[in-house]
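As a plain string of letters, each chain reads:
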Amino acid sequence: MALTLKKYQNDALAALDAFLVNARGQRTGEQMQAAFDAARREALGDSAPLLPYRSFSDEAPELPIACLRIPTGGGKTLMAAHAVERAARLYVGSATPLALWLVPSNAIRTQTLEALKTPGHPYREALLGYWPADRLTVLDIADCEQLRAQDFGGRAIVVVGTLQTLRVENTTGREVYAYKENFEPHFATVPDADFFERVGERDLVAQPYLGRGDLGKVKRSFANLLAWHRPIVIMDEAHNAQSSLSLDVLKRIRPACVIEWTATPAKDQNLLYHVSAQELKAAHMIKLPIVLAPHPNWRESVRDAVLTREVLAREATAEPDYVRPIVLFQADQQGNEATVEVLKAFLLDTLHIEERRIAVATGNQRELDGVNLFDRACTVDFVITVEALKEGWDCSFAYVFC
């Protein structure tokens, strides 16, 4: 189902449009600052405060990089889907762009990829509003070898991955940087260039099929393909990607432009447009009452969360649609008191929750992989996380947060 964009979403995207248009043909940091200032004035009025514009790098000050601040629940992913076409049309000048969509975690990667690929989902429908299904490819970065040479320039391509997949100092052994024989046809007509990563001694150890005669040869890698085709980079939860190593990653793949999305921007991000929580409320994006109940310790909080879910589950039986209220627990990091293991033990041993009703969703324990929480046969009522809650993991059955 295609969703009509809210006014604040259209306004934010209009600010992005203005920046991309103003940025075309600019070459220096000073010119990009002027393009940034002009876009902010156009979006916010002449009284918009002046903000410093941080160039992408000293080597590529002309590369546009802008951040849109959208509160949690404001539809960042839907807006980002629309932004791909706008960046392609208004800045890149391509009807068949390559977009690299980077997210902060595997949980959100799976969620985003599924939404962008599922017919009828609003995110998928947003893309289909610009490209028919037979001219659109959405895939996981792990499946990049499925891409054919003729796909580049012949289809719109959206590749979804995590920044961690790319963010390494030593690229040897990482699949995205590895030499792939399947990519030979992609490089058949690509001229040599200084920016390409080349086969080194460590690659000969990691990939035994390479010989000494391959030393110095341009790697047939997906990272080098990205560097050649210069993707539009969509950066979700971009406040996590402000380190020098993250910048080095982006330099390697030579993006055409970088569009950042976050609810909590870092102080040095190029904040182009800011949507307030009041605007979300006015647009009826926040519909349920929020009831906050503090507790003297974590055990009482957990016990109350379980009891609250039971009350809601009884009320849900009167709903015309199937609703199974789920509790999301945010456990402590290792070294603190209420870790994942301690929390799960408390649920099992003290509150006597059946283990089949509990799932742990962390970087190391991925018990929700392949689980459809909306299936009537699903038994999961309690999900234990550590980081997922703060990074935009969606679960519309989650009515209790602890």
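Residues numbered from 1 in each chain as written. Predicted model: local features only at pLDDT ≥ 70, side-chain atom pairs only at ≥ 80, totals over all residues. Heavy atoms only, no water.

Moving on, we get to the overall build of the protein. Per the secondary structure count, the protein includes 12 helices and 11 strands. Against the 2.2 N^0.38 benchmark of 21 Å for 402 residues, the protein shows a C-alpha radius of gyration of 23 Å, consistent with a compact globule. With the C-alpha coordinates of the protein rotated into their principal frame, the extents come out at 65 × 60 × 40 Å. Here the protein, with 402 residues, has 49% of them falling under the buried criterion. Across the protein, every contact between residues at least 6 apart in sequence was considered, and the portion connecting residues at least 24 apart equals 70%. Approximately 19600 Å² of the protein is accessible, and the part contributed by carbon and sulfur atoms is 51%. Side-chain charges in the protein split into 44 positive and 52 negative, and the spacing between the mean points of these groups amounts to 3 Å. (Helix = DSSP H or I, 4+ residues; strand = E, 2+ residues; numbered from the N terminus. Rg over C-alpha atoms; globule rule 2.2 N^0.38 Å. Buried < 20%, exposed > 50% of the residue type's maximum accessible area, 1.4 Å probe, protein only. Contact = heavy atoms within 4.5 Å. Areas by Shrake-Rupley, 256 points an atom, 1.4 Å probe, with all protein chains shown as cover. Lys, Arg positive; Asp, Glu negative; His and termini not counted. Charge placed at Lys NZ, Arg CZ, Asp CG, Glu CD.)

The parallel open sheet is built from four strands, whose spatial order is β9-β10-β8-β11. Edge positions in the sheet fall to β9 (358-361) and β11 (398-401), since each has one partner strand and no second. Here the strands of the sheet are splayed against their neighbours by 25° on average, with no regard to which way each runs. With four bridges connecting them, β9 and strand β10 (residues 382-385) associate as parallel partners. Paired with A359 across the two strands is V383, which belongs to β10. (Pairing = 2+ DSSP bridges. Axes fitted to C-alpha atoms, helices over the stretch in contact; angles between N-to-C directions.)

The nonpolar side chains of a soluble globular protein tend to be buried, and buried together. Counting 90 residues, the largest nonpolar core has F19, L100, W101, F222, I259 and W261 as the members making the most contacts within it. The element contributing the most residues to this core is helix α3 (residues 76-92), with 10 residues. Apart from the residues within four sequence positions on either side, W101 is in contact with T77, A80, A81, V84, T112, L116, V158, V159, V160, G161 and I234. Among the nonpolar cores identified, the runner-up in size contains 20 residues, and A305, V327, I353 and V360 belong to it. (Core = buried A, V, L, I, M, F, W, Y, C linked by side-chain atoms within 4.5 Å.)

The strand order across the open sheet built from seven strands is β3-β4-β2-β5-β6-β1-β7, with neighbouring strands paired in parallel fashion. Either end of the sheet is taken by a strand with one partner, and the two such strands are β3 (136-140) and β7 (271-274). Mean inter-strand twist for the sheet, computed between neighbouring axes without regard to direction, equals 20°. With six bridges joining them, strand β2 (residues 98-103) and strand β4 (residues 156-162) adopt parallel strand pairing. What sits directly across from W101, in β4, is V160. Set on the sheet, α3 makes contact with β2, β5 (232-236) and β6 (257-262); between it and β6 the angle comes to about 160°.

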